[in-house]
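What follows is the residue order along each chain.
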Amino acid sequence: MTLTEKLLARGTGKDKVSAGDNVWVNVDVLMTHDVCGPGTIGVFKREFGEDAKVWDRDRIVIIPDHYIFTKDSKSNRNVDILREFVKEQDITYFYDVIDDPEGSWKFDPSQGLMNRQYGSHYAGVCHAALPQKGHTRPGEVLLGTDSHTCMAGAFNQFATGIGNTDAGFVMGTGKILLKVPETMHFRLEGKLQPGVMAKDVILHCIGEVGFDGATYRAMQFDGEGASNLSMDDRMTITNMAIEAGGKNGIFEFDAKTEEIVNQRTKLNNTRSSYEPVERDADEDFVYDTVVDLDKLEPTVACHPDPGNRKLAKEMDMQLDRAYIGSCTGGKTSDFLDFAHVVRGKSVKIDTFGVPATPEIVRDLQSTYWGGKTVWDVLKDAGVQMTENAGCSACLGGPVDTFGRMNAPMKCISATNRNFPGRMGHKESQVFLASPATVAASALTGKVTDPREFVS
Ligand code: SF4
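Residues numbered from 1 in each chain as written. Predicted model: local features only at pLDDT ≥ 70, side-chain atom pairs only at ≥ 80, totals over all residues.

### A look at the overall build of the chain
Which entries qualify depends on this criterion: Secondary structure elements follow DSSP: runs of H or I no shorter than four residues count as helices, runs of E no shorter than two count as strands, and numbering proceeds from the N terminus. Computation of the radius of gyration draws on C-alpha atoms alone. For the globule rule, the value is 2.2 Å times the number of residues to the power 0.38. Remark: C-beta atoms are placed from the backbone, and a residue is labelled buried if 20 or more other C-beta atoms sit within 10 Å of its own, exposed if 12 or fewer do, or partly exposed between those counts. Note that contacts rest on C-beta atoms placed from the backbone: two residues are in contact if these are within 7 Å.
Assigned secondary structure in the chain consists of 14 helices and 20 strands. Relative to the compact-globule value of 23 Å for 455 residues, the chain shows a C-alpha radius of gyration of 21 Å, a close match. Counting only residues that meet the buried cut, the chain has 57% of its 455 residues in that class. Here the analysis covers contacts within the chain between residues at least 6 apart in sequence; of these, 76% occur between residues at least 24 apart.

Right, dumping it as structure tokens:
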């Protein structure tokens, strides 16, 4: 069996499952957020009754993160609906925007979009917050009402996005009916070269198979090249499995996985026992390829889809805007790589920086380079940095969202999706790239290979 088949076999309590089998799977963690949470709660209550109780209050994780820093009252209200449900159900893990469990959330635009407006429990973008808060464990099944839930596959678990109807059912039963996906195998060899990042790996792979080339398939990444990647790198790669249509992305378990999972479960006092899955000798793949990391170059997914691949060095495209942020590209390591490129220089086009989580804001504000914080290095280069960590303009959002494109323009972005209208105006164009490529392009005002700036 492949890693994904082994995880689903364990989730069903069977010795063996095969691609194509329909199986009932026991869920370890269900995550939902402010956009889909209220709908999921509605389905749960409609199907199980107004007084029904969730299947396990310790296995539901609720993370508001999408439409938070906006004065849109319906968006603000969604956070209050979550809070009321958490109180009613006594749910253990809720990362509220405010500290007062009796309060209500209202964004105050008079304080501006850049100054922190959240309380001490707020966790930021769900997929980056899940591992930080100790909710990703090898060997488990994690479902979320968000397509990029596949990011948690970096931790050797089966993780995938589901809709509100399925999530309402999981909320009541802890089970889901799943078809076991076929597995595509990406064997990674070698090491990334300077100026080339994990984002280039996944943009390369999606370019190879197309934006629907992995539809309802598992994407398994392994080999010596995978061991050379950091956990942040692996998260960037699994995050975008869905951009090829993938059901899930998955990495092997190793010492790097163990270190972070053990540290984070201990820090947050979450469940700390887990059992990883290992590769079998008899894996059956529907697709098998080798990716030589040494040979990869800075890559861009051009408008209008994530599979529209070009090399940065071959492009000559003027840009209006640059954006670094999101679950994919807003991690501490992403900002550090970005900052290395822009340090001591000035961006030429409007450039927005949105850390994925409050912890990343703290990292950047407490990491010093020669007497200056990385946060200040970025600000001094002209990057508009907001402390209001969250999804922000990755998904467009209400018109007052920080960094949203409210007019037709071209933006190079460290985010993960570039279908028309994704970051705002329906005639705007998004070019997906690594944080290093976004940084180099912000300095020149056109798509630029970052190796020009990286020694
Ligand atoms: S940052 Fe973007 S991709 Fe990630 S969860 Fe938020 S909207 Fe989705």
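### Quick notes on the domain arrangement of the chain
Heads up, the condition is: In this document the domain limits rely on a domain assignment from an automatic tool or a database.
Once the domains are mapped, the chain shows domain 1 (1-296) and domain 2 (302-452). Between the C-alpha centres of domain 1 and domain 2 there is a distance of 23 Å. Contacts between the two partners involve 43 residues from domain 1, matched on the other side by 39 residues from domain 2. Looking at the side of domain 1 that touches domain 2, the element that brings in the most residues is helix 6 (residues 198-209), giving five residues.

### Quick look at the site of the ligand
Rules: Using the backbone to place each C-beta atom, any residue with that atom within 6 Å of a molecule or strand is considered near it. Basically, the charged four are Asp, Glu, Lys and Arg, the nonpolar ten are Ala, Val, Leu, Ile, Met, Phe, Trp, Tyr, Cys and Pro, and anything else, Gly included, counts as polar.
Within the structure, the ligand sits among 13 residues, and Ser326, Cys327, Cys391, Cys394 and Leu395 are positioned closest to it. Contributions of two or more residues to the shell around the ligand are made by helix 4 (126-132) and helix 10 (326-329). Class assignment for the residues of the shell around the ligand results in six nonpolar, six polar and one charged. Both domains that meet at the shell around the ligand, namely domain 1 (1-296) and domain 2 (302-452), each give it at least three residues.

### Some words on helix 9 (residues 255-268)
To keep it simple, the criterion reads: To estimate how far a helix should reach, multiply one less than its number of residues by 1.5 Å. This arc describes the spread of directions from the helix axis toward the C-beta atoms.
Counted at 1.5 Å a residue, the expected span for helix 9 with its 14 residues is 20 Å, and the 20 Å between its end C-alpha atoms agrees. Within the sequence span of helix 9, burial applies to Thr257, Val261, Arg264 and Thr265. Mapping the buried residues of helix 9 onto a view down its axis gives an arc of 95°, with all of them on the same face. The outward face of helix 9, more than 90 degrees from its buried face, is lined by the exposed residues Ala255, Glu259, Gln263, Lys266 and Leu267. Residues of helix 9 that are buried make contact with helix 4 and helix 8 (231-239).

### Here's the deal with the environment of Asp146
Looking at where Asp146 falls in the secondary structure, it is placed in the loop between strand 5 (141-144) and strand 6 (158-161). Note: C-alpha distance between Asp146 and Lys45 (101 residues apart in sequence) is 20 Å. Filtering out sequence-adjacent residues up to four positions away, Asp146 remains in contact with His33, Cys36, Cys126 and Gly161.

### Section: the environment of Val374
Examined against the element boundaries, Val374 turns out to sit in helix 13 (residues 374-380). Overall, the presence of 22 C-beta atoms within 10 Å leaves Val374 in the buried class. For the pair Val374 and Phe335, spaced 39 residues apart in sequence, the C-alpha to C-alpha distance is 8.4 Å. Look past the residues within four positions of Val374 in its chain and what remains in contact with it is Phe335, Leu336, Ala339, Leu364, Thr367 and Trp369.

### Thoughts on the pairing of strand 8 (residues 182-189)
To be explicit about the condition: For two strands to be treated as a pair, DSSP must find no fewer than two bridges joining them. When the strands point away from the viewer, a crossover counts as right-handed if the route from the first strand across the helix to the second turns clockwise.
Summarising burial for strand 8: six of the eight residues are buried, a large majority. Across six bridges, strand 8 lies against strand 9 (residues 217-222) in parallel orientation. Note on strand 9: the bridge partner recorded for His185 is Gln220. Following the chain from strand 8 across helix 6 to the adjacent parallel strand 9, one finds a crossover that is right-handed. In this sheet, strand 11 (residues 287-292) lies alongside strand 8 in parallel orientation, the contact comprising six bridges. If you follow Phe186 over to strand 11, its bridge partner there is Thr289.

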